[in-house]
Number of protein chains: 2
Amino acid sequence: MAPTLSVVLVRPQLGQNIGLAARAMGNFGVSDLRLVSPRDPWPNPEAQNASVAAKPIIEGATLYDSLAEATKDLSWVFCTSARLRYIKKEVYTLSQGTNLVKTLGLPKIGLVFGPEQAGLTNEEVSLCHGGLLIKTSSTVPSLNLAHAVLLCLYEFSRVSYPTPLYDLSTHGNTLSFLCFFEERLEKKGFFSPKEKEEKMRQNLRDIFLRRPLSYQDINTLFGAIKALEKNVDNSSKR
Amino acid sequence: MAPTLSVVLVRPQLGQNIGLAARAMGNFGVSDLRLVSPRDPWPNPEAQNASVAAKPIIEGATLYDSLAEATKDLSWVFCTSARLRYIKKEVYTLSQGTNLVKTLGLPKIGLVFGPEQAGLTNEEVSLCHGGLLIKTSSTVPSLNLAHAVLLCLYEFSRVSYPTPLYDLSTHGNTLSFLCFFEERLEKKGFFSPKEKEEKMRQNLRDIFLRRPLSYQDINTLFGAIKALEKNVDNSSKR
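Throughout what follows, the structure given in this document is the object of discussion. Not measured: the values here are computed from a predicted model.

1. Side note on the interface of chain A and chain B
Between chain A and chain B, the residue contacts involve 26 residues of the former and 26 residues of the latter. Between chain A and chain B, the buried area comes to about 2,200 Å², and carbon and sulfur atoms account for 57% of it. Of all residues in chain A, the largest losses of buried area upon contact with chain B belong to Asn27, Val140 and His147 of chain A, amounting jointly to 27% of the total for that side. Taken together, the links from chain A to chain B amount to two salt bridges. The salt bridge involving Arg158 of chain A is made with Glu155 of chain B; its shortest N-O contact spans 3.8 Å. Along the contact surface separating chain A from chain B lie 15 residue pairs in polar contact (both at pLDDT 80 or more). Contributions of two or more residues to the side of chain A that touches chain B are made by helix 1 (15–27) and helix 7 (145–156) of chain A. Taken together, the residues of the side of chain A that touches chain B break down into 13 nonpolar, nine polar and four charged.

In structure tokens:
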């Protein structure tokens, strides 16, 4: 078995980079391209031209308004970002990342790439399971967007593993739980002081995104949080 | 020890591809860019723009009139070409190629890339030691030029090995021997019939380029060929 790979470009700026990323996808047999709010109108003729023989990938690309929407059917989402240094998130080299996918038998992998200049926001990084780091020279550290896509696909397209035993939660299902959990915590005034709220939310998400969870795990967590809120005290019955 | 890497672009057409190749070089700490007869005038502003932080690599690029000139100081020259299927030349995957470099401790590696559309000529392929094949999908087989450079550098920049024991001939020295040998054979009418000459020359080169030769090896070969031509018969002295 091999994982399916989806490439998610968040707010990409240059049509040419989108087209060259699609060509790289085609080179490695990957066809699922997802675009979150591209800068220029879509369809984009520059993207089509640069994709050459991979034009069907450009034509089949799907558009989304948010990273959460674009990844909800996936089982594991890696992001690549220079911001990985600033927020709490497990960071893997490409070979560590592919080993993780092999070892855990993760079936539907999302590879998320931020915009050319600014990269992903902290909020977006916090919604991913892990980060990928491509080691580059300190003199010319920044990779071209399509080059980053190419290197990730080159490594991830070679991954295969035996059929996994458990039924992994989709990313959307896990995010629904996190949303529910954060909402409940917010009601109880957990995210205080206000200036620490963002960091607290990020750290909380990281706890649940660090390792894969099954549907059963998510159901158990939903149940546990709901149980804590019930106005019942069973301690007297002991 | 790690090999030094030189990127040789033969008749590149698009300045942007040259620039993006330089950027990829910069990302992996490689700075020696050699251009054989680029299509557009040099310096090329499009190449400079696309190189971003790797502009010093573009500015330091050296120009050559032929592939033989561009590679004569190197010790081992890989080419990447779709033509590898048509001519006799050992072909390696990227991991086989890096293993070869590791195992033999090859010090000065040239990575040769043909022009965007046509690729290298058979003559050019025959002047290289081995070919590199990057496995791609049959649907979108053709890699962008800068993408091919990037993948090769990604793999080759991670190679290291202990100090090699022998003193490898430069590619120029080996090519001088081949040139001398072919010239002598031509005089003797070896390359006949005429329509087989090209193929015969290619096969002959392949025999001597398939494995690394030391300076001593080349001197021995020069001496052996010269000895064969001497008008001396020692057989009666036995």
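2. Details of the sheet that holds strand 6 (residues 108–113) of chain B
All names here are of chain B. With respect to topology, seven strands assemble into an open sheet ordered 3-2-1-6-4-7-5, the strand pairing being parallel. Strands with a single pairing partner mark the edges of an open sheet, and in this sheet they are strand 3 (62–64) and strand 5 (91–93). Shown here is a sheet whose adjacent strand axes are inclined to one another by a mean of 30 degrees, direction ignored. Pairing geometry for strand 2 (residues 32–36) and strand 3, over three bridges, is parallel. Note on strand 3: the bridge partner recorded for Leu35 is Leu63. Running at roughly 105 degrees to strand 5, helix 5 (residues 94–104) makes contact with strand 4 (76–80), strand 5, strand 6 and strand 7 (130–133) of the sheet.

3. Considerations on unusual backbone geometry
The omega torsion across Ser192 of chain A and Pro193 of chain A is 0 degrees, close enough to zero to call that bond cis. Positionally, Pro193 of chain A belongs in the loop between helix 8 (171–187) and helix 9 (197–209). If you check the backbone angles, Ser37 of chain B has positive phi at about 45 degrees while not being a glycine. Take Ser37 of chain B: it is sitting in the loop between strand 2 and helix 2 (45–51). Assessed through its relative accessible area of 34%, Ser37 of chain B is described here as partly exposed.

4. Regarding the relation of the copies chain A and chain B
Superposing chain A onto chain B requires a rotation of 180 degrees together with a translation of 0.0 Å along the rotation axis, leaving an RMSD of 0.0 Å. When the rotation and shift are considered jointly, the pair of chain copies conforms to a two-fold rotation axis.

5. Quick notes on the sheet that holds strand 7 (residues 130–133) of chain A
Adjacent strands of a sheet form backbone hydrogen bonds with each other and so pair up, either parallel or antiparallel. Residue and element names in this part refer to chain A. Judged by pairing direction, the sheet is parallel, and its seven strands sit side by side in the order 3-2-1-6-4-7-5 without closing on themselves. Each edge of the open sheet is held by one strand with a lone partner, namely strand 3 (62–64) and strand 5 (91–93). Between one strand axis and the next, the sheet turns through 30 degrees on average, direction left out of account. Pairing of strand 5 with strand 7 involves three bridges; the strand directions are parallel. Each bridged residue has a counterpart across the sheet, and for Val91 the counterpart in strand 7 is Gly131. Lying on the sheet, helix 1 is in contact with strand 1 (4–10) and strand 2 (32–36); it crosses strand 2 at an angle near 155 degrees.

6. Things to note about the side chain of Asn27 of chain A
Turning to its location among the elements, Asn27 of chain A is positioned in helix 1. Reaching out from Asn27 of chain A, the side chain makes a polar contact with the backbone oxygen of Val140 of chain B at a distance of 2.7 Å. Setting aside anything within four residues of it in sequence, one finds Asn27 of chain A in contact with Thr136, Ser137, Val140, Pro141, Ser142 and Leu143 of chain B.

7. Let's talk about the pattern of salt bridges
Residues and elements named next belong to chain A. Taken as a whole, this structure holds 38 salt bridges over all chains when the rule is applied. Notably, a salt bridge pairs Glu182 with Arg205, separated by 2.9 Å at the nearest N-O pair. Placement of Glu182 in helix 8 and of Arg205 in helix 9 is noted, with a sequence separation of 23 residues between them. No difference in accessibility class separates Glu182 from Arg205, as the two residues are buried. Beyond isolated ion pairs, a larger network of salt bridges with shared partners links Glu123, Glu182, Glu186, Lys194, Glu197, Arg201 and Arg205.

8. Looking at the packing of aromatic side chains
Taken as a whole and judged by the stated rule, the model has 21 aromatic pairs over all chains. Taking 5.0 Å as the distance between ring centres and 50 degrees as the angle between the ring planes, the aromatic pair formed by Phe180 of chain B and Phe222 of chain B counts as tilted. Of the two residues, Phe180 of chain B is situated in helix 8 (residues 171–187) and Phe222 of chain B in helix 10 (residues 215–229); the sequence distance between them amounts to 42 residues. Since its relative accessible area comes to 18%, Phe222 of chain B is described here as buried. Through pairs of rings, three or more aromatic residues link up here, namely Phe177, Phe180, Phe181, Phe208 and Phe222 of chain A. The ring of Phe180 of chain B carries Lys226 of chain B above its face, with NZ or CZ at 5.6 Å from the centroid.

9. Some details on the environment of Cys128 of chain B
Residue and element names in this part refer to chain B. Following the sequence through the fold, Cys128 ends up in the loop between helix 6 (122–126) and strand 7. You can call Cys128 buried: its relative accessible area is 0%. When sequence neighbours within four positions are dropped, the list of residues in contact with Cys128 reads Leu67, Val77, Cys79, Lys89 and Leu209.

Parameters and conventions
- Residues numbered from 1 in each chain as written.
- Chains lettered and ligands numbered in written order.
- Predicted model: local features only at pLDDT ≥ 70, side-chain atom pairs only at ≥ 80, totals over all residues.
- Heavy atoms only, no water.
- Contact = heavy atoms within 4.5 Å.
- Buried area = accessible area lost by both parts, 1.4 Å probe.
- Salt bridge = Lys/Arg side-chain N within 4 Å of Asp/Glu carboxyl O.
- Polar contact = N/O pair within 3.5 Å; in protein donor to acceptor, adjacent residues only side chain to side chain.
- Helix = DSSP H or I, 4+ residues; strand = E, 2+ residues; numbered from the N terminus.
- Nonpolar A, V, L, I, M, F, W, Y, C, P; charged D, E, K, R; others polar.
- Pairing = 2+ DSSP bridges.
- Axes fitted to C-alpha atoms, helices over the stretch in contact; angles between N-to-C directions.
- Buried < 20%, exposed > 50% of the residue type's maximum accessible area, 1.4 Å probe, protein only.
- Least-squares fit on C-alpha atoms with pLDDT ≥ 70 in both.
- Phe/Tyr/Trp six-rings, centres within 6.5 Å; stacked < 30°, edge-to-face > 60°.
- Lys NZ or Arg CZ within 6 Å of the ring centre and 35° of its normal.

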